[in-house]
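In case you want the letters, here they are:
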Protein chains: 4
Amino acid sequence: MYHIYTDLAIESKELYGGKDVEVEGVSVTTETMNNYSITRVKVSDEKGAQSIRKPIGNYITIDVPDLNNSDEDLKDEISKVLGKEIKNFGLNNSHSKILIIGLGNWNITPDALGPKVVDRVLVTRQFFVNYQKDFDEDMANVAAMAPGVMGITGIESFDIIKGVVDKIKPDLLIAVDALASRKMDRVSTTIQLSDTGISPGGGVGNKRMTLNISTLGIPVLAIGIPTVVNAATIVNDTLDLIISSMKEEAEMGKEFYNILEQLSGEDKYSLIEEVLNPYMKNTIVTPKDIDDVIDDLSIIVANGLNIALHPGIDIKDVNRYIR
Amino acid sequence: MYHIYTDLAIESKELYGGKDVEVEGVSVTTETMNNYSITRVKVSDEKGAQSIRKPIGNYITIDVPDLNNSDEDLKDEISKVLGKEIKNFGLNNSHSKILIIGLGNWNITPDALGPKVVDRVLVTRQFFVNYQKDFDEDMANVAAMAPGVMGITGIESFDIIKGVVDKIKPDLLIAVDALASRKMDRVSTTIQLSDTGISPGGGVGNKRMTLNISTLGIPVLAIGIPTVVNAATIVNDTLDLIISSMKEEAEMGKEFYNILEQLSGEDKYSLIEEVLNPYMKNTIVTPKDIDDVIDDLSIIVANGLNIALHPGIDIKDVNRYIR
Amino acid sequence: MYHIYTDLAIESKELYGGKDVEVEGVSVTTETMNNYSITRVKVSDEKGAQSIRKPIGNYITIDVPDLNNSDEDLKDEISKVLGKEIKNFGLNNSHSKILIIGLGNWNITPDALGPKVVDRVLVTRQFFVNYQKDFDEDMANVAAMAPGVMGITGIESFDIIKGVVDKIKPDLLIAVDALASRKMDRVSTTIQLSDTGISPGGGVGNKRMTLNISTLGIPVLAIGIPTVVNAATIVNDTLDLIISSMKEEAEMGKEFYNILEQLSGEDKYSLIEEVLNPYMKNTIVTPKDIDDVIDDLSIIVANGLNIALHPGIDIKDVNRYIR
Amino acid sequence: MYHIYTDLAIESKELYGGKDVEVEGVSVTTETMNNYSITRVKVSDEKGAQSIRKPIGNYITIDVPDLNNSDEDLKDEISKVLGKEIKNFGLNNSHSKILIIGLGNWNITPDALGPKVVDRVLVTRQFFVNYQKDFDEDMANVAAMAPGVMGITGIESFDIIKGVVDKIKPDLLIAVDALASRKMDRVSTTIQLSDTGISPGGGVGNKRMTLNISTLGIPVLAIGIPTVVNAATIVNDTLDLIISSMKEEAEMGKEFYNILEQLSGEDKYSLIEEVLNPYMKNTIVTPKDIDDVIDDLSIIVANGLNIALHPGIDIKDVNRYIR
């Protein structure tokens, strides 16, 4: 059986642990609100980690079904929720020095979420350096950069980040990245936070060094939003829809349908990937208005970060610090 | 049966006339070279037009399988081929006043081909106006603009173009647009030229007024390149691949496979579209590096136009007029 | 004596009418508030028009000394003031169909104010067209476009605008443009509104057709903000500062100083322009952070327009409609 | 007397050593060609360094009076000259690992030269890493990045660069930056190369750590092009023009003129700067079409670097590697 990678712990849990199934060492709780729901996946031991193929730690998923077509009130609400959840990790306080890293390739629109957030987040470290301050009542000490990707710079993102962390010694690294999802309906509607580290380019199969406390020496909070699915996903999902409609409608095809249904979900997915790969390599499936989507999402994340990090900023000012 | 729309006459011929089948009123000739092939579809009467659902006129398709990963020599070669084919339509000469229109939405990368070509093409009309010249030995009189799309301006592209044509009275309108294809392997490898007019936003289902000689009073040459396929296309193609591999490998599923195979290609496509639509609306499938692809293609088209229109420019200077 | 052109009526009045001098046919009133002042220049007859070299009509100047380094509250305040002043012209109501035109060259940062406003203003005409509505309680019918400049398109902006006006027949044209000022301290701190029309490229000496009620058949409201001064201006101003400091400090140079002082301001300016021109042609003087300045100003103007035009938008929502 | 800073050694030599005057420890040779001239300033000892206020080392200035309005042949010629001069420093060979750094603020057009060169230069290190190669016949091992400026990232450029140098250990750092000149006619017509290091933000008065062999442990080649002058420069130059024209034309003002002329050039410049500073802070003087100028210059520099660094690239391919 192929190993199906997904960036989202919630999907990994469903894939390897099953949906609505208890897995030892993994706790899942969901809180449902009017406009969104929050799912907290906690992987508490090595056994849980192996079961769902995600490292030990906390994974929080904010699902906002209407985020795609959200009005401004919903965006503000989600910025606030995001800000609160970031704070709840307890990794920062008003004295923290924070480095925000926007991962991804700014030349490929669906991959540009991280760099766009970095463009928009409030950066303050220069004031602390220039006025030789250690602390400010209203502002945290925040630096931010987008290291680009190896195809652009020739340098591993990890090396750039590690180099900078060693020089400026922040207390916390926050990495923002665009993710790949296995479900179209998660694209630009799900925000995942986790404290287990992140691999630049991880979701697309590159093996680079992971950004986490053991490689960098400081805690890492990762914020990711799926912005693409791969082509196999939509073929798989369509096939499921066709099979289930055929099953209802007719006796015909029962045999084939049975075979397909007997295939575990993953075997089917692997079959599709195998067939598609030579034909669809380097193809992505993305919302038509992905440029606008990335713009909106980067504002939400930057606002959420500004609320979470700076004591003097709350939701009523927050749109003002955004470029 | 659904009506399957495609921007490409060559696909429309295959869909409604059949591949390698003679259709009355439609002639198809293909010329194959080392790096590319040219297919000329001529719809000569109303009967042919109805058969393949494309208006009477000439359609030229330049297929360049390696255009996606082309080196600079191939790009130059295709610019030259394109320049020659544009000239062969016989719609312009050294005295022509030409208006180039870049259709599409500059904020959506795969739709930005037209506006990018307009950015890059050599514009000369201002010199004719400022020096009150009628003719220049080396330069044709060329104006160019991108009218945007209705979602951006609130104005139909047709109205902007018609307004400008009425004011500056060009002899020929050349419209460049990104197209949708039904085949992934045509994306960014096929250039279509036609003298039958073009509808802004046509390929994505909008009904706007068509740019052609009867609506504008001047001939219209359309240049289009597929930059996206819709999601139904890749599901359909994958299904075909799966079915044909299953057919070979096993007895199982024969029944279902027979049913699917009995469905005409179009019925299957329609079924998939129906299933996918609510789920995948506003989703596109596009090359991962679409930003680079659009950049490269816009240079090829702009170079081809510069060669075709300006007597004083040939392939050895052509990269110099490109921004 | 040279004719010194300035885009600003308030400067033209000072130049040709004198500062604090009554000019027949020209009334000037000023209202001073905490953060800004509003000067209303009304040219009521042909005599006044000739005296100050500006056409008959109303000119409103909003001066905001701190606009350059404004906080978000000041920006909101000025958007509101601007919205109110636009409405006060009485040229639009909730049934008006409005076309907003962003003049200028989007490739030259200080000239890109108009195009940037067009990018950011709320465009709604497509909804009226698509739903075949004539009226909406909350939204006016607004279209918007940036025609570019002749150096880019080869087409006079006037011709594009006239063509579109003839096709979509708006009730009011609002033109936004970057202006040249003769004073550095007006750059990005002064907003001028007028109902007397505007010439695309006027301030930089091009003679193009003017956009006004007699050329277009509909009223024209022009909104302009100085974003550059020319080099002669700063030399002139510096010379004045040097002379006045020298006059105080020493007996020396009295003779030269007398000569310079005897030159009318305009002769001195002309002398400087004459000397500078061959040497500084095509040079501009602009704030270092002009990219940010244009961004901020375009948001203020777009917000002001949204407030003025759409009955359902007020200052508390206004930042939400901005891209 | 004020210390007048200039980025250009050739200007510093004129300012502090005098024009056409021999200075001990400083050799100056000029080679004049049809379209350009090359001046080589060699500061050979501490005495020379103190005399002209530039560190010991080599400074090469390529002056190309028509570079501003250059045709494509001139651009290619200058790329080639630049490539040859880079190679002549002897700091790289076909085995060198090179890191190209684009200094400056990508949001401020005249400061974006460095980041634009980085966007356009051929980056190859990823191939050496991915294929675990040490050497390639045609390609050098080149990485490139733009660290931004402290106002954007909150991090000193030096710290980012030092961090990356420590991680990837290149043999040579090449830094590209936009400079300030004291003469308008040097803007975008002069290219300076030097092996003495460069301070990020140096020319505009910031004191950051210098990039040089003693701070980084590897040689540094700096490539700079003036893209702005400050306002004092043009006032000063205009004043000189006015004075010299007045001197010829009339007896009047002799006294004042004599005073001004007696002021050493630098005292006059300082006087002007003092008068202008409160009034013109943060103002720059730049070519109107600076966006195009930066585009052209970045192509020339990127081409020059590609020729100098990669054994397999010469002028006939060079435009092909440029984005």
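Residues numbered from 1 in each chain as written. Chains lettered and ligands numbered in written order. Predicted model: local features only at pLDDT ≥ 70, side-chain atom pairs only at ≥ 80, totals over all residues. Heavy atoms only, no water.

Q: Got a sec to walk through the overall build of chain A? Specific residues and values, please.
A: Check the secondary structure of chain A and you find 13 helices and nine strands. Considering only intrachain contacts with a sequence separation of at least 6, the fraction spanning at least 24 residues in chain A is 72%. Of the roughly 13,400 Å² of accessible surface on chain A, 47% is carried by carbon and sulfur atoms. (Helix = DSSP H or I, 4+ residues; strand = E, 2+ residues; numbered from the N terminus. Contact = heavy atoms within 4.5 Å. Areas by Shrake-Rupley, 256 points an atom, 1.4 Å probe, with all protein chains shown as cover.)

Q: Describe in detail helix α12 (residues 290-309) of chain B, supporting the description with residues and values.
A: With 20 residues, α12 of chain B ought to run about 28 Å at 1.5 Å a step, and its terminal C-alpha atoms sit 28 Å apart, in line with that. The element α12 of chain B is largely enclosed, with a buried count of 17 among its 20 residues. (Expected span 1.5 Å × (residues − 1). Buried < 20%, exposed > 50% of the residue type's maximum accessible area, 1.4 Å probe, protein only.)

Q: How would you explain the interface of chain C and chain B if you had to name every residue and give the values?
A: Contact with chain C, which involves 24 residues of that partner, is made by 24 residues of chain B. Regarding the contact of chain C and chain B, the summed buried area is about 1,900 Å², with carbon and sulfur atoms giving 61% of it. Scanning the region where chain C abuts chain B turns up two salt bridges. For the salt bridge of Glu156 of chain B with Arg125 of chain C, the shortest nitrogen-to-oxygen distance reads 3.2 Å. Counting across the interface, chain C meets chain B through eight residue pairs in polar contact (both at pLDDT 80 or more). The dominant element in the side of chain C that touches chain B, judged by the number of residues it contributes, is helix α7 (residues 157-168) of chain C, at seven residues. Across the side of chain C that touches chain B, the residue classes tally to twelve nonpolar, six polar and six charged. (Buried area = accessible area lost by both parts, 1.4 Å probe. Salt bridge = Lys/Arg side-chain N within 4 Å of Asp/Glu carboxyl O. Polar contact = N/O pair within 3.5 Å; in protein donor to acceptor, adjacent residues only side chain to side chain. Nonpolar A, V, L, I, M, F, W, Y, C, P; charged D, E, K, R; others polar.)

Q: So what's going on with the domain arrangement of chain A? Which residues, and what values?
A: All names here are of chain A. In terms of domains, chain A is made up of domain 1 (9-232 + 283-321) and domain 2 (233-280). The interface is formed by eleven residues belonging to domain 1 together with eleven residues belonging to domain 2. Summed over both sides, the interface between domain 1 and domain 2 buries roughly 930 Å², with carbon and sulfur atoms accounting for 52% of that surface. Interface area lost by domain 1 to domain 2 is led by Arg182, Ala231 and Ala232, which between them contribute 59%. On inspection of domain 1 and its partner domain 2, the count reaches zero salt bridges. The interface formed by domain 1 and domain 2 contains zero residue pairs in polar contact (both at pLDDT 80 or more). Of all the elements in the fold, those that place two or more residues in the side of domain 1 that touches domain 2 are α9 (231-249) and β9 (283-287). When grouped by side-chain class, the residues that make up the side of domain 1 that touches domain 2 number six nonpolar, three polar and two charged. (Domains from an automatic or database assignment.)

Q: Run through the relation of the copies chain C and chain B, naming residues and quoting values.
A: Of the two same-sequence chains, chain C is brought onto chain B (RMSD 0.0 Å, axial shift 0.0 Å) by a rotation of 180°. The transformation just described matches what one would write down for a two-fold rotation axis. If distances are taken from each C-alpha of chain C to the rotation axis, the shortest is found for Gly163 of chain C, at 1.9 Å. In this assembly the copies share their binding face: 100% of the residues contributing to the interface of chain C also contribute to that of chain B. (Least-squares fit on C-alpha atoms with pLDDT ≥ 70 in both.)

Q: Account for the confidence of the model for chain A, with residues named and values stated.
A: Residues and elements named next belong to chain A. Taken over all residues, the pLDDT of chain A has a mean of 85, while the share at 70 or more is 82%. Per-element averaging of pLDDT across chain A places helix α10 (residues 254-262) at the bottom with 58 and strand β4 (residues 97-102) at the top with 98. Below a pLDDT of 50 lies the segment residues 203-207, which in the model reaches four contacts outside its immediate sequence neighbourhood of four places, other chains included. (pLDDT = per-residue confidence, 0-100.)

Q: How would you explain the pattern of salt bridges if you had to name every residue and give the values?
A: This model, assessed by the stated rule, comprises 56 salt bridges over all chains. Note that Lys162 of chain C and Asp166 of chain C form a salt bridge whose closest N and O atoms lie 3.5 Å from each other. A residue pair is termed a helical-turn pair when its members lie 3 or 4 positions apart in one helix, as Lys162 of chain C and Asp166 of chain C do in helix α7 at four residues. A residue is classified by how much of its surface remains accessible, and Asp166 of chain C, at 35% relative accessible area, is partly exposed. Linking Glu14 of chain D and Arg186 of chain D is a salt bridge whose minimum nitrogen-to-oxygen distance equals 3.8 Å. Taken as a pair, Glu14 of chain D in helix α1 (residues 9-17) and Arg186 of chain D in the loop between β6 (172-181) and β7 (190-194) lie far apart in primary sequence, 172 residues in all. Judged by relative accessible area, which is 23%, Glu14 of chain D ranks as partly exposed. Several salt bridges converge on common partners, so that one network encompasses Glu11, Glu14, Asp63, Lys183 and Arg186 of chain A.

Q: Provide a residue-level description of the packing of helix α4 (residues 113-120) of chain B against α12 of chain B, including the pertinent values.
A: Residue and element names in this part refer to chain B. Axis separation between α4 and α12 bottoms out at 8 Å; the angle between their running directions is 50°. Between α4 and α12, the angle is such that the two are oblique. As for how α4 packs across α12, the hand of that crossing is right-handed. Here Leu113, Lys116, Val117 and Arg120 of α4 lie close against α12, whose contacting residues are Ile294, Asp295, Leu297, Ser298, Ile299, Val301, Ala302 and Leu305. (Axes fitted to C-alpha atoms, helices over the stretch in contact; angles between N-to-C directions. Parallel < 35°, antiparallel > 145°, perpendicular 65-115°, else oblique. Left-handed = near helix turned anticlockwise from the far one by under 90°.)

Q: Go over the packing of aromatic side chains with me, naming the residues and quoting the values.
A: Aromatic ring pairs are reported here in terms of the distance separating the ring centres and the angle at which the planes meet. Going through the model one piece at a time under the given rule, you end up with zero aromatic pairs over all chains. Between the NZ or CZ atom of Arg53 of chain B and the centre of the ring of Tyr16 of chain B, over which it lies, the distance is 4.2 Å. (Phe/Tyr/Trp six-rings, centres within 6.5 Å; stacked < 30°, edge-to-face > 60°. Lys NZ or Arg CZ within 6 Å of the ring centre and 35° of its normal.)

Q: Which residues make up the side chain of Asp159 of chain D, and what values do they have?
A: With respect to the element layout, Asp159 of chain D can be found in helix α7 (residues 157-168). At 4.5 Å, Lys167 of chain A is the nearest oppositely charged side chain to Asp159 of chain D, a buried residue that forms no salt bridge. Dropping the residues within four chain positions of it, Asp159 of chain D is found in contact with Lys167 and Ile168 of chain A. (Lys, Arg positive; Asp, Glu negative; His and termini not counted.)

Q: Tell me about the environment of Glu46 of chain B, residues and numbers included.
A: The residue Glu46 of chain B is located in helix α2 (residues 46-52) in this model. Once the C-alpha coordinates of Glu46 of chain B and Gly25 of chain B are considered, the two residues, 21 residues apart in sequence, prove to be 7.5 Å apart.

Q: Now, about the pairing of strand β3 (residues 57-63) of chain C: what can you tell me, with residues and values included?
A: All names here are of chain C. Most of β3 is tucked away, with six of its seven residues classed as buried. As judged from the five bridges shared by β3 and strand β7 (residues 190-194), these two strands associate in the antiparallel manner. Residue pairing across strands places Ile62 opposite Ile191, the latter belonging to β7. (Pairing = 2+ DSSP bridges.)

Q: A description of the environment of Ile191 of chain C should follow, citing residues and the corresponding values.
A: Residue and element names in this part refer to chain C. With respect to the helices and strands, Ile191 occurs in strand β7. For the pair Ile191 and Ile152, spaced 39 residues apart in the sequence, the C-alpha separation amounts to 27 Å. Ignoring sequence-local partners within four residues, the contact set of Ile191 consists of Ile60, Thr61, Ile62, Ile78, Leu82, Ile223, Gly224 and Ile225.

Q: Please give an account of unusual backbone geometry that cites residues and values.
A: Residue and element names in this part refer to chain A. The backbone of Lys169 sits at a positive phi, close to 45°, despite the residue not being glycine. Counting through the fold element by element, Lys169 comes out in the loop between α7 (157-168) and β6 (172-181). The exposure class of Lys169 is exposed, given its relative accessible area of 56%.

Q: Can you tell me about the pairing of strand β7 (residues 190-194) of chain B, naming the residues and giving the values?
A: Residue and element names in this part refer to chain B. Across the five residues of β7, five count as buried, placing the element largely inside the fold. Residues Thr190, Gln192 and Ser194 of β7 are buried on one face, and the alternating residues Ile191 and Leu193, pointing to the opposite face, are buried as well. Sheet topology note: the β7/strand β8 (residues 220-230) ladder contains three bridges and is antiparallel. Looking across to β8, one finds that Leu193 is bridged to Ile223.

Q: Mind laying out the packing of α7 of chain A against α7 of chain D, listing which residues take part and the relevant values?
A: At a closest axis distance of 8 Å, the pairing of α7 of chain A and α7 of chain D adopts a crossing angle of 120°. Here α7 of chain A is positioned oblique relative to α7 of chain D, judged by the angle of their axes. As α7 of chain A runs across α7 of chain D, the sense of the crossing is right-handed. Judged by residue contacts, Asp159, Ile160, Lys162, Gly163, Val164, Lys167 and Ile168 of chain A of α7 of chain A engage Asp159, Ile160, Lys162, Gly163, Val164, Lys167 and Ile168 of chain D from α7 of chain D.

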